[in-house]
Amino acid sequence: MSKIEEKRHSLAHLLAAAVLELYPDAKNTIGPAIDNGFYYDFDFPSPISDTDLKEIEKKMKKLSNGWRGFEKKDVTEKEVKEFFKDNPYKLELIDEIVSKGEPLTLYTSGQFTDLCRGGHVEEMKEIEPDSWKLSHLAGAYWRGDEKNKMLTRIYGLAFETGEELEAYEKQQEEAKKRDHRKLGAELNLFSVDERLGQGLILWHPKGGIIRKEIEDYERELVLKHGYDLVYTPHIASEKLFMESGHLENYIDSMYGPMEIEGEKYRLKPMNCPGHICIYQSRVHSYRDLPLRFAEFGTVYRYELSGTLQGLLRVRGFTQDDAHIFCTPEQVENEVKELLSLVDEMLKTFRYPYSIELSTRPEKAIGSSEVWEKAENLLKEVLEKEGKEYTIDAGGGAFYGPKLDFKLIDSLGRKWQGPTVQLDFNLPERFKMEYIGSDGRAHRPVMLHRVLVGSMERFFGGLIEHYAGAFPLWLAPVQARILPIGEAHFEYATSVLDKMKAAGIRAELDVSDETLGKKIRNFKTEKIPYALVIGDKELNDKKVTVESRDRGNEGAQGIEELIEKLKTEIKERK
Ligand SMILES: [Zn+2]
Ligand SMILES: [Zn+2]
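Keep in mind that what you see is a predicted model, and the values were worked out from it rather than measured. (Residues numbered from 1 in each chain as written. Chains lettered and ligands numbered in written order. Predicted model: local features only at pLDDT ≥ 70, side-chain atom pairs only at ≥ 80, totals over all residues. Heavy atoms only, no water.)

1. Focus: the sheet that holds strand β4 (residues 71-74)
Move 1: On the basis of which strands lie adjacent, the open sheet formed by 3 strands has the order β4-β5-β6 and antiparallel pairing. Each edge of the sheet is formed by a strand with only one pairing partner; in this case those strands are β4 and β6 (112-115). Between one strand and the next, the sheet's axes are offset by a mean angle of 25°, whatever the strand orientation.
Move 2: Here strand β5 (residues 105-109) runs beside β6; their pairing, made up of 4 bridges, is antiparallel. Its bridge partner being in β6, Ser 109 is matched across the sheet by Phe 112.
Move 3: On top of the sheet, helix α1 (residues 3-22) reaches β5 and β6; it is set at about 120° to β6, its chief contact. (Pairing = 2+ DSSP bridges. Helix = DSSP H or I, 4+ residues; strand = E, 2+ residues; numbered from the N terminus. Axes fitted to C-alpha atoms, helices over the stretch in contact; angles between N-to-C directions. Contact = heavy atoms within 4.5 Å.)

Set out below in structure tokens:
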């Protein structure tokens, strides 16, 4: 257990001690350390509410002054069962520990004793009093099983220092403001309609234009990097998924079959089999390789309704998927190319990132020599390209090692990003071939790669990353023209026409609102530019530019402004 985990778990003991002093009839169950703090589950005789947390926290602070450390005692089953004779939860845990043949230990601090495996601070005074607090209540089934009784879980936050706790709370508050579900509704970007189904995303016109811009950008990018664009259907015969092994290994994530003329079809959970069919539609020579097929492929995967979450966890999503088929000699160069492609893309969206290399898991196909060779190759390329990376030992898929890129957003949070996956499995299963320079048939190497991964999840992350204030090239409305009065409408309309003709997404605000209100509106709607037109602007044939990000930028001529905006859009600044 790490130091911070020891601290968090020690606080769970303190929480249980305080609760039992205040509520002697409550039964304490388990209290582990978690990512940002700790929790403890209790069975209260009558429910408590969030307002009771203050009192409990006060009691904890008071008790901790009298606590020194944690005193360990080895006990027999009989002793410990006698001690917890009124607590059925602990009795159940004791039976479990005994059945596993593990030792039974009690830990005492102050007047409080708990059944525990250990992992505490040496002394309570190591814990800074302002580095932790109780945060909220939640219901939790005993042992996570909905057939069991619902308990009350009390959560606490705990960090090394008070400053860290404060920073974490600030980040959480900011994250709440940026929640993509909240902003998605406010900015009219997307929705989910229960009539259509859970976990299925409706992209509204404003979300749709952002998606189109991302897709246009990516198409441009991959064509420049030597990819071909392909399209494959949403459903496929079960026979194909039998051949690919999906029915065998992935069936829990797939939707049930539909019958068409006596043959069973399924919604595709992945795009790979389709791309392999395209590859196998012709005989390939080594001279054709590498082949790089890219597709915005919509896939459907079953997720439990309880796990669905906005755009982040859905049942249908579009992957910016690609498969590379190459000779073993070409793999190194392909990986190198992918590193530069990923780098270019993530820079455009202003995401710093980290790289993780996932290696051979226990259950894997292919010999350990093949794996070692592939892993070493990935390491070599990363090192040659001067990329820092960490290793997730055993984290690879059963069919090959992979590179995971984690995006770091503007709040410092990590998001799933691009992945590059080597595959030793599918080329074998499909008996894929190319004719080598020796005139014989060889097996190609296959790489799967995504950049944004799921378009839906990436969009959700992007909304939070930019807090809804999209850069000009992505903004659904790029400029709003604000005539001050009716006398300025005609000129304002001619400005609008010029902007539209130049391909800029502009609109006109002809409402009766005051200029002040119109300016506030364009800011709440997070539109990058407002162009104000009054008497002076009309006379000078200019507009006064209000930038969302930089404030007033003064009067500018239309042609000059249009050129400036076009450059900003083109450069995706
Ligand atoms: Zn403990
Ligand atoms: Zn694939």
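Having seen the structure, we can now continue with the description.
2. Brief notes about the coordination of the zinc ion (ligand 1)
Move 1: In this structure, His 9 (NE2), His 13 (NE2), Cys 116 (SG) and His 120 (NE2) serve as the protein donors to the zinc ion (ligand 1), at separations of 1.9 to 2.1 Å.
Move 2: Here the zinc ion (ligand 1) binds 4 donor atoms, and the angle range of 93 to 128° at the metal identifies the geometry as tetrahedral.
Move 3: Relative accessible area serves as the criterion here: at 10%, His 120 is assigned to the buried category. (Donors = N, O, S within 2.8 Å, 3.2 Å for Na, K, Ca; no water. Tetrahedral: all angles 85-135°; square planar, octahedral: opposite > 155°, others 65-115°. Buried < 20%, exposed > 50% of the residue type's maximum accessible area, 1.4 Å probe, protein only.)

3. Some words on the pattern of salt bridges
Note on pairing: side chains with opposite charge can pair once their charged atoms come close.
Move 1: Tallied over the full model, the rule gives 49 salt bridges.
Move 2: The partner of Asp 179 in a salt bridge is Arg 181, and the shortest N-O contact between them spans 2.8 Å.
Move 3: Salt bridges here are not isolated pairs; linked through shared partners, they connect Glu 92, Glu 96, Lys 100 and Arg 143. (Salt bridge = Lys/Arg side-chain N within 4 Å of Asp/Glu carboxyl O.)

4. With respect to the side chain of Arg 301
Move 1: Examined against the element boundaries, Arg 301 turns out to sit in the loop between β15 (291-300) and β16 (316-326).
Move 2: Asp 321 provides the closest opposite charge to the buried, salt-bridge-free Arg 301, at an N-O distance of 6.6 Å.
Move 3: A distance of 2.8 Å separates a polar side-chain atom of Arg 301 from the backbone oxygen of Pro 269. (Lys, Arg positive; Asp, Glu negative; His and termini not counted. Polar contact = N/O pair within 3.5 Å; in protein donor to acceptor, adjacent residues only side chain to side chain.)

5. Concerning the sheet that holds strand β12 (residues 235-237)
Move 1: Taken in spatial order, the 3 strands make up an open sheet running β12-β14-β13, and their pairing is antiparallel. Every other strand in the sheet has two partners, leaving β12 and β13 (258-260) as the edge strands with one partner each. Between one strand axis and the next, the sheet turns by 40° as a mean value, whatever way the strands run.
Move 2: With 3 bridges connecting them, β13 and strand β14 (residues 263-267) associate as antiparallel partners. By the bridge assignment, Glu 259 is partnered in β14 with Lys 264.

6. Focus on the coordination of the zinc ion (ligand 2)
Move 1: For the zinc ion (ligand 2), the full set of protein donor atoms is Cys 272 (SG), His 323 (NE2) and His 448 (ND1), and the range of their distances to it is 2.0 to 2.4 Å.
Move 2: Counting along the primary sequence, the residues that act as donors to the zinc ion (ligand 2) give the motif C-x50-H-x124-H. Within this pair, whereas Cys 272 is found in helix α10 (residues 272-279), its partner His 448 is found in strand β23 (residues 445-454), the two being separated by 176 residues in sequence. Per residue, the accessibility class of Cys 272 equals that of His 448, and both read buried.

7. A closer look at the UniProt feature "binding site: Zn(2+)" (unreviewed entry) in the protein
Move 1: Per the UniProt record, "binding site: Zn(2+)" (unreviewed entry) is annotated on Cys 272, His 323 and His 448. The largest pairwise C-alpha distance within this set of annotated residues, which runs over 177 residues, is 7.8 Å, so the set is compact in three dimensions.
Move 2: What makes Cys 272 buried here is its relative accessible area of 3%.
Move 3: Beyond its immediate chain neighbours, meaning those up to four positions away, Cys 272 contacts His 323, Leu 426, Met 446 and His 448.
Move 4: The residue His 323 is located in strand β16 in this model.
Move 5: Under the relative-accessibility criterion, His 323 is labelled buried at 0%.
Move 6: For His 323, the contacting residues outside a window of four places in its chain are Asn 271, Cys 272, His 275, Leu 291, Arg 292, Phe 293, Met 446, Leu 447 and His 448. (UniProt positions renumbered as here; feature names shortened; annotations may be inferred.)

8. As for helix α5 (residues 162-178)
Move 1: Under the 1.5 Å per step criterion, the end-to-end length of α5 is 24 Å for 17 residues, consistent within 8% with the ideal 24 Å.
Move 2: Regarding α5, the residues found buried are Gly 162, Leu 165, Tyr 168, Ala 175 and Arg 178.
Move 3: On the buried face of α5, the contacting elements are β7 (132-141), β8 (150-158), α6 (180-186) and α14 (455-465). (Expected span 1.5 Å × (residues − 1).)

9. Description of the environment of Asn 188
Move 1: For Asn 188, the position within the fold is in the loop between α6 and β9 (190-191).
Move 2: Judged by its relative accessible area of 39%, Asn 188 is partly exposed.
Move 3: For the pair Asn 188 and Ile 48, spaced 140 residues apart in the sequence, the C-alpha separation amounts to 39 Å.
Move 4: Once residues lying within four places of it in the same chain are set aside, the contact partners of Asn 188 are Leu 183, His 204, Lys 206 and Gly 207.

10. Some remarks on the nonpolar core
Soluble globular proteins tend to pack their nonpolar side chains together in the buried interior.
Move 1: In terms of nonpolar packing, the biggest core is built from 78 residues, with Phe 349, Leu 403, Phe 470 and Met 499 touching the most fellow members.
Move 2: Take this core: its biggest share by element is 8 residues, from helix α11 (residues 331-348).
Move 3: In this structure, this core is formed jointly by two domains, domain 2 (205-232 + 271-302 + 316-464) and domain 3 (479-570), each of which donates at least three residues.
Move 4: The contact partners of Phe 349, leaving out residues within four places of it in the chain, are Ile 214, Tyr 217, Phe 458, Leu 462, His 465, Tyr 466, Trp 473 and Leu 474.
Move 5: With 31 residues, the next largest nonpolar core counts Ala 26, Ile 48, Leu 53 and Met 60 among its residues. (Core = buried A, V, L, I, M, F, W, Y, C linked by side-chain atoms within 4.5 Å. Domains from an automatic or database assignment.)

11. Observations concerning a nonpolar patch on the surface
Move 1: A cluster of nonpolar side chains, namely Leu 223, Leu 229 and Tyr 231, defines an oily patch on the protein surface of about 340 Å² accessible area.
Move 2: Considering the arrangement of structural elements, one finds Tyr 231 in the loop between β11 (228-229) and β12.
Move 3: The exposure class of Tyr 231 is exposed, given its relative accessible area of 65%. (Patch = residues over 30% accessible without salt bridge, like charges linked within 9 Å, V, L, I, M, F, W, Y side chains within 5 Å. Areas by Shrake-Rupley, 256 points an atom, 1.4 Å probe, with all protein chains shown as cover.)

12. Focus: a negative patch on the surface
Move 1: Negative charge collects at one region of the surface, where Glu 128, Asp 130, Glu 160, Glu 163, Glu 164 and Glu 166 lie side by side.
Move 2: Considering the arrangement of structural elements, one finds Glu 166 in helix α5. (Charge placed at Lys NZ, Arg CZ, Asp CG, Glu CD.)

13. Quick look at the environment of Lys 373
Move 1: Examined against the element boundaries, Lys 373 turns out to sit in helix α12 (residues 368-384).
Move 2: A C-alpha to C-alpha distance of 59 Å links Lys 373 and Pro 47, two positions 326 residues apart in sequence.

14. Points about the UniProt feature "domain: Aminoacyl-transfer RNA synthetases class-II family profile" (unreviewed entry) in the protein
Move 1: Residues given the UniProt feature "domain: Aminoacyl-transfer RNA synthetases class-II family profile" (unreviewed entry) here are residues 194-471.
Move 2: As annotated, residues 194-471 has a helix share of 32% and a strand share of 27%, and its two end C-alpha atoms lie 32 Å apart.

15. A few points about the state of the cysteines
Move 1: As enumerated under the stated definition, the model contains 0 disulfides in all.
Move 2: Note on Cys 277: no disulfide assigned, nearest cysteine sulfur contributed by Cys 272 at a separation of 11 Å.
Move 3: Here Cys 326 is not cross-linked by a disulfide; its sulfur's nearest cysteine counterpart is in Cys 272, at 15 Å. (Disulfide = S-S within 2.5 Å.)

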